[in-house]
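One letter stands for each residue in the lines below.
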Amino acid sequence: MIYSPSLMCASCDNLKAEALSLEAAGATRLHLDLMDGMYVPNFALGLGDVKTVCRNTSLVTELHLMIMEPGRYIKMFANAGVDIIYFHPDSDSDPVAVIKRIRERGLKPGIVINPEATIDSMEKYFELVDHVLVMGVKPGHAGHLYLPHVDQKLEQLIAIKNDYNLEVIMDGACSLERMRRWSHQNIDGFVLGTSSLFGHRGTYKDIIDNIKRECGDL
C-alpha cells in the first residue's frame, strides 16, 4: 500500500525537515500539490518548494499540478526532480500532448479525476498513463468534506484498473476509517492530509504506523 503525505499540509517553515521526518516515519512517497490560483482558487507550494523536497528525499515524489496549461511547464518540473506528474485533463487544451511530454522527460504520467468527472469520460486516457488520482473532495483546499458519490467512481475504477495496468490512489478526506475500508478493496494507496496525519496527536511515525496497522500493512 502507498502512503503519500501531502507536503501542502506540512509545516512550510522547514520543508526539508518535514520531508526527512516523513521519510523516516515510514511514508512511501511524498505528494506535492502545486496550485496557480486560476485552475483552483488557492495557492500551494511553488517551484522552489518542489526542488527543496526532491533534493532532500530518497522517496518517490509525485507532483499534483492544479494549474492551467500544465503542458507548458513539464520541462521545468522534470528538471526539479519529480518522478510522477499528475494533471487534470480539463486544465489543458491537449491532454494527450501533456502525457507525451511527461513521458519524453522520462517521468510517469498520471491524470486526476475530479468529483464531477465520470469514469467514462476519463477512460480514453487510461491506456496512456500509469497513475490515476481520484479526488474525494473538490480540489484546491485541505480539510474539505468527502463527497459520498465518489465511492461509485472508486468502485468502477478499481474494477477495471488491471485491464489498463493502472495504479489508483485516493486523494482528499482520507480518514482512517475510509482508508481502512478501501485498503481491503484493492486500491493502491492514499494521499495523507489533515484527515489522518497532519495536526493529529503523536509523532509522524506513530500516526503512520497506526494507519498501516489499520490497513493491514503492519
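Residues numbered from 1 in each chain as written. Predicted model: local features only at pLDDT ≥ 70, side-chain atom pairs only at ≥ 80, totals over all residues. Heavy atoms only, no water.

## Regarding helix α2 (residues 47-55)
Thinking step 1. Listing the buried residues of α2 in full gives V50, V53 and C54. Viewed end-on, α2 has its buried residues packed into an arc of 95°, placing them on one side of the element.
Thinking step 2. Those residues of α2 that are buried lie in contact with α1 (15-24), β2 (29-36), β4 (60-66) and α3 (74-80). (Buried < 20%, exposed > 50% of the residue type's maximum accessible area, 1.4 Å probe, protein only. Helix = DSSP H or I, 4+ residues; strand = E, 2+ residues; numbered from the N terminus. Arc of directions from axis to C-beta. Contact = heavy atoms within 4.5 Å.)

## Concerning the pattern of salt bridges
Thinking step 1. Under the defined criterion, the tally for this structure stands at nine salt bridges.
Thinking step 2. The residue R29 makes a salt bridge to E167 at a minimum N-O spacing of 2.7 Å. Of this pair, R29 sits in strand β2 while E167 sits in strand β8 (residues 167-171), and the two are 138 residues apart along the sequence.
Thinking step 3. For E167, a relative accessible area of 14% puts it in the buried group.
Thinking step 4. For the salt bridge of R181 with D151, the shortest nitrogen-to-oxygen distance reads 3.0 Å. Remark: D151 occurs in helix α6 (residues 150-164) and R181 occurs in helix α7 (residues 176-183); sequence separation between them is 30 residues.
Thinking step 5. On the accessibility criterion, R181 (36% relative accessible area) is partly exposed. (Salt bridge = Lys/Arg side-chain N within 4 Å of Asp/Glu carboxyl O.)

## A closer look at the packing of aromatic side chains
Each aromatic ring pair is characterised by the separation of its centres together with the angle its planes make.
Thinking step 1. Across all of its chains, the model carries two aromatic pairs by this definition.
Thinking step 2. Ring geometry for F126 and Y164: centres 5.6 Å apart, planes at 75°, overall edge-to-face. Placement of the pair is F126 in the loop between α5 (119-122) and β7 (131-135) and Y164 in helix α6, with a sequence separation of 38 residues.
Thinking step 3. Take F126: its relative accessible area is 0%, and that puts it in the buried class. (Phe/Tyr/Trp six-rings, centres within 6.5 Å; stacked < 30°, edge-to-face > 60°.)

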